[in-house]
Amino acid sequence: YKLIGATKFYDRMEIRDVIAYLRLLVHPFDDMSFLRVIAKPRRGFGDKAIEKLRASGTNLMSGLRNAPLAPKLRAAADEFLSAFDFDWFAMSPRDAAQTLLDRVGYTKMWSESKDVDAPDRLLNIRELLTSVIPNHETLPEFLEQAALMTTDDNDANDAVQNNCVRIMTVHAAKGLEFDTV
């Protein structure tokens, strides 16, 4: 079967966040990933602080090291930077990912969240850590595969899956015309 209208695993917010954290660990110059995760959990970096970071370095992570920040923001910056300061090369990809998420406070953020979706988000993160990442030899290898999975190229398999039942909610089917419902 093919599920239509459901959020794909790699399109889920928490999975994208974890991938952004891992990209920042492997590629500290990745400003897109930095902007995605600097406020998850909240650290007090707003637009003005981000502009200071841009002016203080060649990328946002180097700007975070060099920017003149208020004492409270400097403490948050130093804590964020220290979370990435461990020997992830010597660890398995799963252990490195778990260590990073623990050090940056991401798993703690979701475990303490009052959001009704928080338990599901934690389960999705656990699934990524226990069933997906361990299938790869290195974090860069996982990130390459994840980049492929987050593109719309996956829908190219539709030609192969023409002989399958398509499942969707009635809400998702509203306004569409089908020969048989």
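This one's a predicted model, so the numbers in the text were calculated from it and none came from an experiment. (Residues numbered from 1 in each chain as written. Predicted model: local features only at pLDDT ≥ 70, side-chain atom pairs only at ≥ 80, totals over all residues. Heavy atoms only, no water.)

What exactly am I supposed to notice about the packing of aromatic side chains here?
Where two aromatic rings form a pair, the distance of their centres and the angle of their planes describe that pair. All told, the structure shown has 7 aromatic pairs when counted by the stated rule. Plain terms: the ring middles of Tyr21 and Tyr106 are 5.7 Å apart, the flat faces sit at 65 degrees to each other, and that makes the pair edge-to-face. Placement of Tyr21 in helix H1 (residues 13–26) and of Tyr106 in helix H7 (residues 106–112) is noted, with a sequence separation of 85 residues between them. Geometrically, the ring pair formed by Tyr106 and Trp110 is edge-to-face, given 6.4 Å between the ring centres and 80 degrees between the ring planes. Of this pair, Tyr106 and Trp110 both sit in helix H7, 4 residues apart, roughly one helical turn. Accessibility expressed as a relative area gives 7% for Trp110, which makes it buried. (Phe/Tyr/Trp six-rings, centres within 6.5 Å; stacked < 30°, edge-to-face > 60°. Helix = DSSP H or I, 4+ residues; strand = E, 2+ residues; numbered from the N terminus. Buried < 20%, exposed > 50% of the residue type's maximum accessible area, 1.4 Å probe, protein only.)

When you look at the confidence of the model for the protein in this model, what are you seeing that I'm missing?
Any region with low pLDDT has predicted coordinates that should not be read closely. Averaged over the protein, the pLDDT score is 84; the fraction of residues at 70 or greater is 83%. When mean pLDDT is taken per element in the protein, helix H6 (residues 93–104) scores highest with 94 and helix H10 (residues 170–173) scores lowest with 62. (pLDDT = per-residue confidence, 0-100.)

Honestly, the layout of surface pockets in this entry has me stumped. Any pointers?
A water-sized probe rolled over the atoms picks out the places where empty space is left. Considering only enclosed or pocket space, the second largest pocket measures out at about 300 Å³ in volume. Contributing to the lining of the second largest pocket are 12 residues, with Arg16, Ile19, Ala20, Arg23 and Ser33 lying nearest its centre. Going through the elements one at a time, H1, helix H2 (31–37) and helix H9 (139–149) are the ones with two or more residues in the lining of the second largest pocket. Among the elements that take part in the lining of the second largest pocket, H1 stands out by supplying 4 residues, more than any other. (1 Å grid on protein atoms, 1.4 Å probe; cavity = no way out; pocket = protein on both sides within 12 Å on 5 of 7 lines; lining within 4 Å. Points joined across faces, edges and corners; volume = space filled by probe spheres on them.)

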